[in-house]
Amino acid sequence: MDIEEGGVTVSVPEARDGASEGTGGGVFFNPTQELNRDVTVAALRAYREREPRAASYLDAMAASGIRGVRAAAAGYDVTCADVDPDAVDLAAENLAENGLDGETVRRDANALLYDDGPFDVVDLDPYGTPIPFADAAFANGRNLVCVTATDTAPLCGAHLNSGIRKYGAVPRNTDYHPEMGLRTLISALVRTAARYDKAARPILSHVSRHYARTYLELESGARVADDCVDQLGYVDGCEDCLWREPTVGLIADPVDACPVCGSDRVLTAGPIWLGSIADADFASAVRDRVTDDMGEAKRARKLLDTVASEIDTPTHYDQHRLYKQWGEPAIGMAEFVERLRAAGHEASRAHYRGTAVKSTASIPEMREAILGDDADH
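**As for helix H10 (residues 280–288)**
Listed in full, the buried residues belonging to H10 are Phe282, Ala283, Ala285 and Val286. The arc enclosing the buried residues of H10, seen along the axis, measures out at 160°, which places them on a common side. Every exposed residue of H10 that faces more than 90 degrees away from the buried side is listed here: Asp281 and Asp288. Tucked into the core, H10 has its buried residues touching helix H1 (34–50), strand S8 (198–208) and helix H11 (297–309). Between a side-chain oxygen at the N-terminus of H10 and the backbone nitrogen of Asp281 the separation is 2.9 Å; the capping residue is Asp279.

**Some remarks on the sheet that holds strand S13 (residues 317–318)**
The strand order across the open sheet formed by three strands is S13-S15-S14, and the pairing between neighbours is antiparallel. The open sheet has two free edges, formed respectively by S13 and strand S14 (347–349), since each of these has just one partner strand. Here S13 runs beside strand S15 (residues 356–359); their pairing, made up of two bridges, is antiparallel. When the bridges of S15 are listed, Tyr317 appears paired with Val357.

**Things to note about the nonpolar core**
Nonpolar side chains tend toward joint burial in soluble globular proteins. Within the largest apolar cluster, 87 residues are counted, with the highest numbers of intra-cluster contacts made by Phe138 and Leu204. Considering each element in turn, this core owes the most residues, eight residues, to H1. If near-sequence neighbours (up to four positions away) are discounted, Leu204 is found in contact with Val39, Ala43, Arg213, Thr214, Tyr215, Ile277, Ala278, Phe282, Ala283, Val286, Leu304 and Val307. Counting 17 residues, the second largest nonpolar core, distinct from the first, contains Leu242, Phe336, Leu340 and Ala361.

**Observations regarding the pattern of salt bridges**
Enumeration according to the criterion identifies 25 salt bridges in this entry. The closest approach of N and O atoms between Glu5 and Arg37, which form a salt bridge, is 2.7 Å. Residue Glu5 is located in strand S1 (residues 2–5), and its partner Arg37 is located in helix H1; the two are separated by 32 residues in the primary sequence. For the pair Glu5 and Arg37, a shared accessibility class is recorded, and that class is buried.

**Let's talk about the pairing of strand S4 (residues 77–82)**
As a general feature of sheets, a regular strand has side chains that alternate between the two faces. Across the six residues that make up S4, a large majority, five, are buried. Two elements, strand S3 (residues 56–59) and S4, share four bridges in a ladder whose sense is parallel. Looking at the pairing, Asp59 lines up with Cys80 of S4. Note: S4 against strand S5 (residues 103–106), four bridges, orientation parallel.

**Quick look at the pairing of S15**
Burial along S15 is two-sided: the face carrying Ala356 and Lys358 and the face carrying Val357 and Ser359 are both buried. Sheet topology note: the S14/S15 ladder contains three bridges and is antiparallel. Residue Arg349 lies in a different strand from S15, and its bridge partner there is Val357. Here S14 folds back onto S15, and the loop between the two strands holds six residues.

**Some details on the packing of aromatic side chains**
Two aromatic rings are characterised by how far apart their centres lie and by the angle between their planes. Counting across every chain of the model gives four aromatic pairs. With a centroid separation of 6.3 Å and an interplanar angle of 85°, the aromatic rings of Tyr47 and Phe282 are classed as edge-to-face. You can see Tyr47 sitting in helix H1 and its partner Phe282 sitting in helix H10, a full 235 residues away along the chain. With respect to burial, Tyr47 and Phe282 carry one shared label: buried. Measuring from ring centre to ring centre gives 5.4 Å for Tyr323 and Trp326, while their planes differ by 75°; the resulting arrangement is edge-to-face. Note that Tyr323 and Trp326 are positioned in helix H12 (residues 319–326) at a spacing of three residues, about one turn of the helix. Neither residue differs from the other here; Tyr323 and Trp326 are each classed as buried. Grouping aromatic residues by their ring pairs yields a cluster made of Tyr323, Trp326 and Phe336. Its end group placed over the ring of Tyr76, Arg48 keeps NZ or CZ at 4.9 Å from the ring centre.

**A few points about the side chain of Thr174**
Within the secondary structure layout, Thr174 lies in the loop between helix H7 (160–167) and helix H8 (177–194). Setting aside chain neighbours within four positions, we find Thr174 in contact with Met180 and Leu267.

Reading the values: the criteria
- Chains are numbered independently. Their residues run from 1 in the order of the written sequence.
- Note on the predicted model: pLDDT of at least 70 is required for a residue's local features to be given, and 80 or more for side-chain atom pairs to be given and counted; whole-chain, interface and lining totals, by contrast, use all residues.
- The side-chain quantities take in all heavy atoms of the structure and omit both hydrogens and water.
- Categorising residues by exposure relies on relative accessible area from a 1.4 Å probe, with only protein chains included: less than 20% of the type maximum marks a residue as buried, more than 50% marks it as exposed, and the intermediate range marks it as partly exposed.
- Helical segments are the DSSP runs of H or I of at least four residues, strand segments are the runs of E of at least two, and each set is numbered from the N terminus.
- Think of the arc as the fan of directions from the helix axis to the C-beta atoms.
- Contact between two residues is taken to exist if any of their heavy atoms lie within 4.5 Å; hydrogens are not considered.
- Definition of a polar contact: a pair of N or O atoms within 3.5 Å, with one able to donate and the other able to accept a hydrogen when the atoms are protein atoms, and with sequence-neighbouring residues admitted only if both atoms are side-chain atoms.
- A pair of strands is considered paired only if DSSP assigns at least 2 bridges between the two.
- Nonpolar cores are built from buried Ala, Val, Leu, Ile, Met, Phe, Trp, Tyr and Cys residues. Side-chain atoms within 4.5 Å join them into one set.
- Here a salt bridge means any side-chain nitrogen of Lys or Arg lying within 4 Å of a carboxyl oxygen belonging to Asp or Glu.
- Here a pair means two rings of Phe, Tyr or Trp (six-membered ring of Trp) with centres within 6.5 Å. Their orientation is stacked below 30 degrees between planes, edge-to-face above 60, and tilted elsewhere.
- Comment: the charge-over-ring label is applied if NZ (Lys) or CZ (Arg) is within 6 Å of the ring centre and within 35 degrees of the ring normal.

On their own, these measurements won't tell you what the molecule is for.
In structure tokens, the structure reads:
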């Protein structure tokens, strides 16, 4: 069937729910990834202005080729790769039908990257974990590596052993599990890039529905790679009073009991990425390059506005969980954030869910700022 998306028309097979765009071994189309693709195209447009020399783009698991077609329409020199011959044929057909130049190749992504790289922009959008492709991408990516991960249960700690095996970290299934998953992913990617003496800095990231997505800008050099590794660390968190404490460094020193309430239900997660998940100026630039012909334009702009305004704390809180703990009825999120700011604390909404909030305030300080005189009752 033919579909129109982002100003191009492509032939796609029937959709398969819950899958990412490419498996590296099958031809299908996932309409639920349209937001991902819309943000990707806007990011590619913004990145050309950030780094004008970036020209070549590898869609490493092309499937229907729609992501590569849209990147070609955005002005990139595109290579669409897949191990499935039907996928390669379909990608070539879709490029031709839109009058766009681009190369289509039947190759394993890892082999292609090592044999034909480097590419200025490498886009990994596999089914499940991207880790089997990460070494090749960072070894042979020049400017930007874009990564989607759909295995959110291992990333978030719900499937703990799988997360440990795949990502070389201990993720925990916490109240802020979407952010835990994203920061676990970025940590693994930063460590992978560092093996090649490259810094991989996230300039845009988000968690949407069933996937995490991050855009990592590369810089070569052992010193800058070390600087990125220095932003990894651990987070201790109390499951009872919600106390949390991040600690920079690769050596964990978990606490035996919560220093606030004394509970022994303290979880330690890491090493996760403790730095910023996005460059605020770049996120705003991406937002400005979302166009009205994008089917998810409204959602993309709202998402990017929130990402650009998030403060740089490594965890977020769920407002409903806080109010449940306080035994009080919840107020609106906008007023909640404003009360925290009025009390002198940094605070912002977070994109992970509608009730997600970030703040530099401790839980007692939040309670005092929100409930005021009622906080002691």
